[in-house]
Amino acid sequence: MNSLEEKSIQQTADFVKKELSGAESGHDWWHIYRVWKLAQRIAVEEKANELVVNLGALLHDIADAKFYGGDETVGPRKAEAFLKTLSLSQDIINQVLNIIRFVSFKNRNEKPENDSLELHIVQDADRLDAIGAIGIARAFSFGGFKQREMYNPDIPPNPDMSKEEYKKSESPTINHFYEKLLLLKAMMHTTTGKQMAKERHAFMEQFLEEFYAEWEGKK
């Protein structure tokens, strides 16, 4: 990347860090940071457009719809307004906005405008941060933030929810493992994403086994 592109990435990082100051800890600047670093690593290995991947990773959760009454237009609008202040082509901006619109798990059944390698990379990085030790921590952080039950054996998980059902769901945090987290390994696109997901997925399975044993007083 040239110096102008590197400057655009740093300006974007500074903007996002400021915008997400005080955000819920599972969707704050440090979530963005982890996804950004994972995406950078995968972009190099996949020989993708690093500028698009960097900007897409940094801005992918600039206004997560779950914190805006489910409005999925806020993020792309906020990102576009910022991106237009940088020295970027409209094509680059459009590619980044495409990532923001389609990166989310809840949009997995919608056809992207541009099903690009760069979108796949940011999706993989974002999904990797939703599984493993970090994913477990984020799930319980958000569950606590929303004052949801940790676990309720009388409320079974529903992994076949529609997009609208998923957006409105208030099920216990343990259910979220079956409704999203354990599904992510099979949704990885890149070689690196698939390899990393295996280990993180196995860690979640081990955690659940321990959780249920302790819940029933067996350990």
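Scroll up a little and you will see the structure.
Position numbers for residues start from 1 in each chain and track the written sequence from start to end. Where local features are concerned, this predicted model is filtered to residues with pLDDT of at least 70; where side-chain atom pairs are given and counted, the filter is 80 or more; whole-chain, interface and lining totals use all residues. The side-chain values count all of the structure's non-hydrogen atoms but skip hydrogen atoms and water molecules.

1. Focus on the pattern of salt bridges
Pairing of side chains with opposite charge becomes possible as their charged atoms draw close. Rule in force here: Here, a salt bridge means any side-chain nitrogen of Lys or Arg that lies within 4 Å of a carboxyl oxygen of Asp or Glu. Using a 1.4 Å probe on the protein chains alone, a residue whose accessible area is under 20% of its type maximum counts as buried, one over 50% counts as exposed, and one in between counts as partly exposed.
Within this structure, the stated rule accounts for six salt bridges. Residues Lys-84 and Glu-80 are paired through a salt bridge, measuring 3.5 Å at the closest nitrogen-oxygen approach. The salt bridge partner of Lys-219 is Glu-210, with a shortest N-O separation of 2.7 Å. Using a relative accessible area of 66% as the deciding quantity, one classes Lys-219 as exposed. The exposure class of Glu-210 is partly exposed, given its relative accessible area of 29%. What emerges from the salt-bridge pattern is a single network uniting Arg-34, Asp-129 and Arg-138.

2. Comments concerning a nonpolar patch on the surface
Put simply, the test is: Exposure above 30% relative accessible area and no salt bridge define the residues that can form patches, which grow by joining like charges within 9 Å and nonpolar side chains of Val, Leu, Ile, Met, Phe, Trp and Tyr within 5 Å. Per-residue and other accessible areas were derived by the Shrake-Rupley procedure at a 1.4 Å probe size, with only the shown protein chains allowed to occlude residues. Numbering of helices and strands runs from the N terminus, with a helix taken as a DSSP run of H or I at least four residues long and a strand as a DSSP run of E at least two residues long.
On the surface, a nonpolar cluster with roughly 290 Å² of combined accessible area is contributed by Phe-67, Tyr-68 and Phe-145. With respect to the helices and strands, Tyr-68 occurs in the loop between helix 3 (50–59) and helix 4 (74–83).

3. Brief notes about the nonpolar core
What tends to happen in soluble globular proteins is that the nonpolar side chains get buried as a cluster. Test applied: Residues belong to one nonpolar core when they are buried, are Ala, Val, Leu, Ile, Met, Phe, Trp, Tyr or Cys, and are joined through side-chain atoms within 4.5 Å. We call two residues contacting when some pair of their heavy atoms lies within 4.5 Å.
With 62 residues, the main nonpolar core has Val-16, Leu-59 and Leu-83 as its most contacted residues. The element best represented in this core is helix 2 (residues 29–46), accounting for eight residues. The residues touching Val-16, leaving out its near neighbours within four places in the chain, are Trp-29, Ile-32, Leu-58, Leu-59 and Ile-62.

4. Looking at unusual backbone geometry
Of note in this structure, Lys-47 is not a glycine but carries a positive phi near 55 degrees. Note that Lys-47 resides in the loop between helix 2 and helix 3. In this structure Lys-47 comes out as exposed when scored by relative accessible area, which is 72%. Backbone geometry places Gln-147, a non-glycine residue, at a positive phi of 60 degrees. Examined against the element boundaries, Gln-147 turns out to sit in the loop between helix 7 (132–145) and helix 8 (163–168). Note on Gln-147: relative accessible area 74%, which makes it exposed.

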